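For reference, the chains in residue letters:
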Amino acid sequence: MKNVNSTTKNTIAILARCGYAAKGVVYLIVGVLASMAAFGLGGKNIGTKEAITQIAGQPFGSTMLGLMAFGLFAYTLWRIVQAFYDTEDAGSGFKGIATRLGFVISGLIYASLGIYCLDLLLTAFSSSGGGGSTQDRTAKLMGSPGGIYLVFAVGIVFFGVGIRQIVRAVKRSYLKNWHMVQMNETQRKLAEGATRWGLSARGVVFMIIGGFLCVAAWQIDPSKAEGLGGALNTLASQPFGPWLLGVVALGLVGYGIYCFINARFRDVSTD
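Here is what the cut-offs are and how they apply
Residues numbered from 1 in each chain as written. Predicted model: local features only at pLDDT ≥ 70, side-chain atom pairs only at ≥ 80, totals over all residues. Heavy atoms only, no water. Helix = DSSP H or I, 4+ residues; strand = E, 2+ residues; numbered from the N terminus. Expected span 1.5 Å × (residues − 1). Patch = residues over 30% accessible without salt bridge, like charges linked within 9 Å, V, L, I, M, F, W, Y side chains within 5 Å. Areas by Shrake-Rupley, 256 points an atom, 1.4 Å probe, with all protein chains shown as cover. Salt bridge = Lys/Arg side-chain N within 4 Å of Asp/Glu carboxyl O. Buried < 20%, exposed > 50% of the residue type's maximum accessible area, 1.4 Å probe, protein only. Lys, Arg positive; Asp, Glu negative; His and termini not counted. Charge placed at Lys NZ, Arg CZ, Asp CG, Glu CD. Axes fitted to C-alpha atoms, helices over the stretch in contact; angles between N-to-C directions. Contact = heavy atoms within 4.5 Å. Core = buried A, V, L, I, M, F, W, Y, C linked by side-chain atoms within 4.5 Å.

Engineer: Break down helix α3 (residues 61-85) for me, citing the residues and quoting the values.
Structural biologist: Compared with an ideal rise of 1.5 Å per residue, which puts 25 residues at 36 Å, α3 spans 36 Å between its outermost C-alpha atoms and is within 8% of the ideal. Phi for Asp 86, located one or two positions after α3, is positive at around 50 degrees.

Engineer: Account for a nonpolar patch on the surface, with residues named and values stated.
Structural biologist: Residues Phe 39, Leu 41, Trp 197, Val 247 and Leu 250 make up a contiguous nonpolar surface patch of about 500 Å² in total accessible area. A residue is classified by how much of its surface remains accessible, and Leu 250, at 32% relative accessible area, is partly exposed.

Engineer: Could you give an account of a positive patch on the surface, naming the residues involved and the relevant values?
Structural biologist: On the surface, Lys 95, Arg 164, Lys 171 and Lys 176 cluster together to form a positively charged patch. Along the chain, Arg 164 turns up in helix α6 (residues 147-171).

Engineer: Can you explain the pattern of salt bridges? Please cite residues and give values.
Structural biologist: One pass over the full model with this rule turns up 3 salt bridges. The partner of Glu 88 in a salt bridge is Arg 266, and the shortest N-O contact between them spans 3.4 Å. Here the residue Glu 88 occupies a position in the loop between α3 and α4 (94-122), and Arg 266 occupies one in the segment after α9 (241-265), the gap between them amounting to 178 residues. We classify Arg 266 as buried; its relative accessible area is 6%. A salt bridge links Glu 192 to Arg 172; the nearest nitrogen and oxygen atoms lie 2.5 Å apart. With Glu 192 in helix α7 (residues 185-218) and Arg 172 in the loop between α6 and α7, this pair connects stretches of sequence that are 20 residues apart.

Engineer: Explain the packing of helix α8 (residues 228-236) against α9 to me, using residue names and the numbers behind them.
Structural biologist: Two elements in contact, α8 and α9, have axes whose closest approach is 7 Å; the angle formed by their N-to-C orientations is 145 degrees. Contacts between α8 and α9 pair Leu 228, Leu 232, Leu 235 and Ala 236 from the former with Gly 241, Pro 242, Leu 244, Leu 245, Val 248 and Leu 252 from the latter.

Engineer: For the nonpolar core, give the residues involved together with the corresponding values.
Structural biologist: In terms of nonpolar packing, the biggest core is built from 62 residues, with Ile 52, Leu 72 and Leu 232 touching the most fellow members. At the level of secondary structure, the elements contributing two or more residues to this core comprise α1 (6-38), α2 (48-56), α3, α4, α6, α7, α8 and α9. Among the elements that make up this core, the one with the highest residue count is α1 (12 residues). Every residue in contact with Leu 232, bar those within four places of it in the chain, is listed here: Val 30, Ala 34, Asn 45, Ile 46, Val 205, Leu 245, Val 248 and Leu 252.

Shown next as structure tokens:
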């Protein structure tokens, strides 16, 4: 974006930071409620849309929904800028194109959450919510021409993203995006701890979601598909389930913190 004036670049940077903050709120809610469920404190395993529904039910819910919608759409814009202007220097090779396509898909996912916020606002928030379950959306997609193959492909993408999240945690590749000079030693250690745990936990959850989607496509059975909440329920039903759920749930809290770290310290320049 070399030909774009500084005002536009500063505006995009502000929107990016708002977007990361909004994303952090969503994952923080998911992680906290799942952690409470794991430790028997009355929480529950929910997905991102259900997390937004939780926001809507709070005092000043409509105002918070409006802010969340703004933040999520801001994040969508940032993802599109990342993809089309290659702010991460991914390049134009196969790996680079796949990475940039991932940015677009990520942006579209969070745009759908932004639209969900607006839907809740326009319907004055009812307990029935909207948007349908993961199974409903999978069934609708399977009903379209080539839908079964598309569901399987989406499952593969989720599984791949999950692996990439874990690789990022191991290789600490996120460090190149942070303005480390702005952090003191304690901040760096805490940020790294939360980030590595958060990325790993999100990676595990995404791999589970991807596996469910692939099974749903293979068996032509939309009821096999599960979203974030279903993936957490699956962990909870395993041997030592509460412990597994607790580790991953706290990791999702860590991922929310990672998003807040990005909102404050990430390099969001477009040069």
